[in-house]
Amino acid sequence: MEAGARIAQLREELHAHNHRYYVMAEPVISDREFDALLDELAKLEEAHPEFADPTSPTKRVGGDLTDKFEKVAHKSPMLSLSNSYNAEEVAQWAERVQAGLPDEEVEFVVELKYDGVAISVWYEDQAMVKALTRGDGTTGEDVRANVATIKTLPLRLNPGAPNPLEIRGEIFFPWPGFEALNESRREAGEPEFANPRNTAAGTLKLQDSAVVATRPLDCMVYNIDAETMTAMGIASHSEAVREAAKWGFKTPQGRSLEVVTSVEAIMDAVAHWEEARHDLDFAIDGLVIKVNRYDHQKRLGMTAKSPRWALAYKFETERVSTTLKGVKYQVGRTGAVTPVADLEPVLLGGTTVKNASLHNADQMAKLDLREGDAVLVEKGGEIIPKIVGVDRNASSAGDLFSQAIAFPGTCPECDTPLIRKEGEAQHYCPNSATCPAQVRGRINHFISRKAMNVDGLGKETVTQLVEAGLIRDVADLYRLTAEELLPLERMAQKSVDNLLHGLETSKSVPFERVLFGLGIRHVGETVAKNLAKSLKSMDAFKSVSVEDLMALEEIGPIVAESVASHFQDATFLAVVQRLQEAGLQMEVVLEEPLGTALEGEVVVVSGVFETMSRDEAKAAVTNHGGRLVGSISSKTTLVLAGDKMGPSKLQKAEKLGIPLMDEAAFLTRIGGQ
Ligand SMILES: [Zn+2]
C-alpha cells in the first residue's frame, strides 16, 4: 500500500479506537495493539512529512476534555511516558540512559504503574486550591470539588511543606471498595461497573460531589515538582517522595519505591512484580522506571513527546485458553436474564476461573459460541473474567454439525417467553409475579443483612419454602407458623424457633431498611435512606408523584419513575399493606430537632461554604425544622447560597423571585443571634 493511503487508514482506525476507549469506555483492541498502530503511524509521518496533519492521532493521544468543568492550563505539560512491553526493551532503554550519562553511577527507581487517572493537585498557603485532570496534556479540567472527597489526599498540608506546591499522582479505585460499590448496585438492580479504572475516571467527572464522596477512591502521589524540590536542597526523586509523606500525602514505600543501580536489578524488580501484583488490593497495569537523581534527569532531557529519563513497562494482559462446557442462564430478582459461561476450570491471574460473564445475547452472538469450543479468557482490569474470542484452530470449527449456542426464547425457570425492552441489551422474564427465580430473588433480598437481616433464614430454606408453596412474597413470611414449618425436611424444633424469632425481631428494623428490602429497582441502600428521610412514612409514598420525587435531594428521573410506578402497582401495594398489618416499621422515628428557626421553609443548599461542609449545611437545615429539596422550583422558599453556586441555579432563583441567603445570615438565623 502507498504510504499516503496507509497513513489515512491508520488515522481513521486510531480515531475510532480512541473514541471507543475514551468516550465509550469499551476498547476493542489491547493497549499494546493500539500502541503498535500509533507507532507505525508516527514512523510513516516522520518519513513522509508531506502528509503532515495537525489533527492526526499522533498529535494528541487520548484527551478527556468535556464542557462540564473549568479548563485550566497545566504549569508544565502532563506528558505520557514511552511504553515498553518486554524485558528486552527495558534493558535497551536502561543501556541508552547509561550511555547518555557516561562515567556516572545511575540510580533507577522502580515504581508501580497504578491503573487509574492521573491528577495534578495544586496547593497554596498549604491548602488544596486546584486538582486538574490530564486533559490533552497542556490543559486539564479542575475537578477539585470531587478530588477533595478523597480521604488519602490532604486538603491542608502539614507544616514544613513548600509553598506553593504542585504534586502529581494517580487516583484509583481499590478492589474492596470497587466490589462493595458493585454489590450495592447489584442490590439496587443497576448494571455493575466493569473495571475500576473507568469507574474512577467516570466518578471524577460526576457533577455531584456528594455521590463522589460515597465512592472510596484512593490517591497515590508519585511526582513532586523537581524545581521546588531542588530549591529545598533535595536531589533525587525517591527522597522527594519520602519527604512528601511527611506533608500528609500517601506515597509509595518499600518495594514500590525501589532504588536500584543495575539493569539486572531492574529486571529482578520486574520479575518480582509480575507475580506480586496479584497480591495488591488495587490494580496496576505495569511498572514505571525513572532515573532517580534530578541532575541526571535534566541532563537526559526530553524528546518531543516524553522524558528520556522515564519508561513505562506494561504487563501483558493475561489470556488463557480453556474449554467451554456450556452456558447457564441466571434470572435475577428483577427478571433480567444473564448468560454465564461454564468453563473447564483454569488458572488465570492467580485464581481459578470456572465461569465467565457473557453479558447478553448480542455478546453471545458476536462470539458465535459452540459447546466444546476452545475459548480465550482474559482478566484485564476487570474483576469478572471475560471471553474475548474463540480459538477456532483448536475448536470444532470444522465440524459441520456443530451449532452456535442459541439464547433461549423462554425463561429457564418458568418457561415464559422472554422480552427485550427497547434500547436495552438485556432480556427479561416478564413473569415477575410467579417466576420462581424472581420470587426467591425478592425474598432473599428482603431478608439480607442490609435489609431486614432475618436471622435463622437462609437461601436454601427460602428455596424450600417457595417450593413447598408456603411463601409467594415477602409478606407471606410473617404468616408462617410452627405447624407449617415442622413437617418440612431439615426443620427441627430449634431451627423453627430460630426462624420465627428472627422474623419477629425484624419487625423493629428501621423504616429505611424496610423500604430498601422491598427491592424497588434503582433504590439501593443510600437512595432508600434519602427517600425515607424526605418522605418520612410509607403512606407518603402512596400519593407521591414523579415530580415530587424529582424535587427531592439527590433523586433523578430514573429513580423517581421507578418508585412512582411501584407505588401505583396493585400487587406491590397489597404486599406493602400486608407488611404494614404484620407490624413492620412504616415510618421514620423522628429525633427531636435542635430548633425551629427554619420551620415551614423549603430549602435548596448550593455552593461551598466557609465554616461547614455541604453535608453539614444540609443537616443544619433539617435540624432546624427546614425541608431540603434538591432543585429550585416555585415551591422553594429559600436558597442557602455558598460560594461558586452554579449560574443556572442563580438565574432560576432570580427568575422565580426566591430569596438567597448567604452563610453568615444563615448561621445568625439558626443561631438565633
Ligand atoms: Zn421466569
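These figures come from a predicted structure and were not determined experimentally.

## Section: the overall build of the protein chain
At step 1: Within the protein chain one finds 25 helices and 22 strands.
At step 2: The C-alpha radius of gyration of the protein chain comes to 29 Å, within 12% of the 26 Å expected for a compact globule of 673 residues.
At step 3: Looking at the 673 residues of the protein chain, the share that counts as buried comes to 47%.
At step 4: In the protein chain, the share of contacts with a sequence separation of at least 24, taken over all contacts with a separation of at least 6, comes to 67%.
At step 5: Accessible area of the protein chain: about 33400 Å², with a carbon and sulfur share of 51%.
At step 6: Distance between charge centroids for the protein chain: 2 Å, based on 73 positive and 100 negative side chains.

## Remarks on the nonpolar core
At step 1: By size, the foremost hydrophobic cluster in this structure holds 56 residues, and its most contacted members are L477, L531, L549 and L579.
At step 2: No other element matches helix α18 (residues 525-535), which puts five residues into this core.
At step 3: When residues are assigned to domains, this core turns out to be shared by domain 4 (436-506) and domain 5 (511-582), each giving three or more.
At step 4: Ignoring sequence-local partners within four residues, the contact set of L477 consists of I443, F446, I447, L457, I471 and L503.

## What to know about the coordination of the zinc ion
Ideal geometry at a metal centre: 109.5 degrees between donors when four sit tetrahedrally, and 90 or 180 degrees when six sit octahedrally.
At step 1: At this site the zinc ion is bound by C411 (SG), C414 (SG), C429 (SG) and C435 (SG), with donor distances of 2.3 to 2.4 Å.
At step 2: Geometry at the zinc ion is tetrahedral, judged from its four donor atoms and the angles of 98 to 116° they form at the metal.
At step 3: Sequence positions of the donors to the zinc ion reduce to the motif C-x2-C-x14-C-x5-C. With C411 in the loop between β16 (386-390) and β17 (419-420) and C429 in the loop between β18 (427-428) and α13 (436-447), this residue pair connects regions lying 18 residues apart in the sequence. Summarising the burial analysis for this pair, C411 and C429 share the class buried.

## So, the side chain of K205
At step 1: Mapped onto the fold, K205 is located in the loop between α6 (196-204) and α7 (209-213).
At step 2: At a separation of 2.9 Å, a polar atom in the side chain of K205 contacts the side chain of E141.

## Here's the deal with the sheet that holds strand β9 (residues 257-260)
At step 1: If you trace the five strands from one edge of the open sheet to the other, you get β2-β11-β10-β3-β9, paired in mixed fashion. Because the sheet does not close on itself, it has two edges, and the strands there are β2 (82-84) and β9. When strand polarity is set aside, the average angle formed by the axes of neighbouring strands in this sheet is 30°.
At step 2: Along the sheet face, helix α3 (residues 87-100) touches β2, β3 (108-114), β10 (284-291) and β11 (310-314) and points at about 170° away from the line of β11.

## Quick word on the layout of surface pockets
At step 1: When its volume is computed, the second largest pocket comes out at roughly 780 Å³.
At step 2: If you go around the second largest pocket, you meet 31 residues; those closest to its centre are R333, S432, Q438, R442 and H566.
At step 3: Element by element, the count of residues in the lining of the second largest pocket is highest for helix α22 (residues 570-582), at six residues.
At step 4: Per-class residue counts for the lining of the second largest pocket are 15 nonpolar, eight polar and eight charged.

## A look at helix α5 (residues 175-187)
Counting along an α-helix, one turn takes 3.6 residues, and residues three or four places apart therefore face a common direction.
At step 1: For α5, with 13 residues, the first-to-last C-alpha span of 18 Å sits near the 18 Å given by 1.5 Å per residue.
At step 2: Listing the buried residues of α5 in full gives W175, G177, F178, L181, N182, R185 and E187.
At step 3: Where the residues of α5 are buried, they touch α6, α13 and α17 (511-517).
At step 4: Just downstream of α5 lies G189, where phi reads positive at about 70°.

## Comments concerning the domain arrangement of the protein chain
One frequent convention defines the size of an interface as the accessible area lost when the parts assemble.
At step 1: If you check the domain split of the protein chain, you get domain 1 (3-59), domain 2 (80-314), domain 3 (319-410), domain 4 (436-506), domain 5 (511-582) and domain 6 (602-671).
At step 2: Here the C-alpha centroids of domain 2 and domain 3 sit 35 Å apart.

## Thoughts on the environment of G423
At step 1: Tracing the sequence through the fold places G423 in the loop between β17 and β18.
At step 2: Between the alpha carbons of G423 and S606 there is a distance of 35 Å; along the sequence they are 183 residues apart.

## Thoughts on the pattern of salt bridges
At step 1: Here the structure, examined in full by the defined rule, presents 25 salt bridges.
At step 2: Put simply, R669 and E601 hold a salt bridge, and the shortest N to O gap is 2.6 Å. Here R669, found in helix α25 (residues 663-671), pairs with E601, found in the loop between α22 and β19 (602-606); they are 68 residues apart in sequence, far enough to count as distant.

## Some details on the sheet that holds strand β21 (residues 638-641)
At step 1: Strand order across the open sheet formed by four strands is β20-β19-β21-β22, with parallel pairing between neighbours. Bordering the open sheet on either side are β20 (627-628) and β22 (660-661), each of which pairs with just one other strand.
At step 2: With four bridges joining them, β19 and β21 adopt parallel strand pairing. The residue of β21 that forms the bridge with V605 is L640.
At step 3: Set on the sheet, helix α23 (residues 614-623) makes contact with β19, β20 and β21; between it and β19 the angle comes to about 170°.

## What to know about the pairing of β3
At step 1: Most of β3 sits inside the fold, with seven of its seven residues counted as buried.
At step 2: The pairing of β3 with β9 spans four bridges and is classified as antiparallel. When the sheet's bridge partners are listed, F108 is paired in β9 with V260.
At step 3: In this sheet, β10 lies alongside β3 in antiparallel orientation, the contact comprising seven bridges. The partner of K113 across the bridge, within β10, is G286.

Procedures and definitions
Residues numbered from 1 in each chain as written. Predicted model: local features only at pLDDT ≥ 70, side-chain atom pairs only at ≥ 80, totals over all residues. Heavy atoms only, no water. Helix = DSSP H or I, 4+ residues; strand = E, 2+ residues; numbered from the N terminus. Rg over C-alpha atoms; globule rule 2.2 N^0.38 Å. Buried < 20%, exposed > 50% of the residue type's maximum accessible area, 1.4 Å probe, protein only. Contact = heavy atoms within 4.5 Å. Areas by Shrake-Rupley, 256 points an atom, 1.4 Å probe, with all protein chains shown as cover. Lys, Arg positive; Asp, Glu negative; His and termini not counted. Charge placed at Lys NZ, Arg CZ, Asp CG, Glu CD. Core = buried A, V, L, I, M, F, W, Y, C linked by side-chain atoms within 4.5 Å. Domains from an automatic or database assignment. Donors = N, O, S within 2.8 Å, 3.2 Å for Na, K, Ca; no water. Tetrahedral: all angles 85-135°; square planar, octahedral: opposite > 155°, others 65-115°. Polar contact = N/O pair within 3.5 Å; in protein donor to acceptor, adjacent residues only side chain to side chain. Pairing = 2+ DSSP bridges. Axes fitted to C-alpha atoms, helices over the stretch in contact; angles between N-to-C directions. 1 Å grid on protein atoms, 1.4 Å probe; cavity = no way out; pocket = protein on both sides within 12 Å on 5 of 7 lines; lining within 4 Å. Points joined across faces, edges and corners; volume = space filled by probe spheres on them. Nonpolar A, V, L, I, M, F, W, Y, C, P; charged D, E, K, R; others polar. Expected span 1.5 Å × (residues − 1). Salt bridge = Lys/Arg side-chain N within 4 Å of Asp/Glu carboxyl O.

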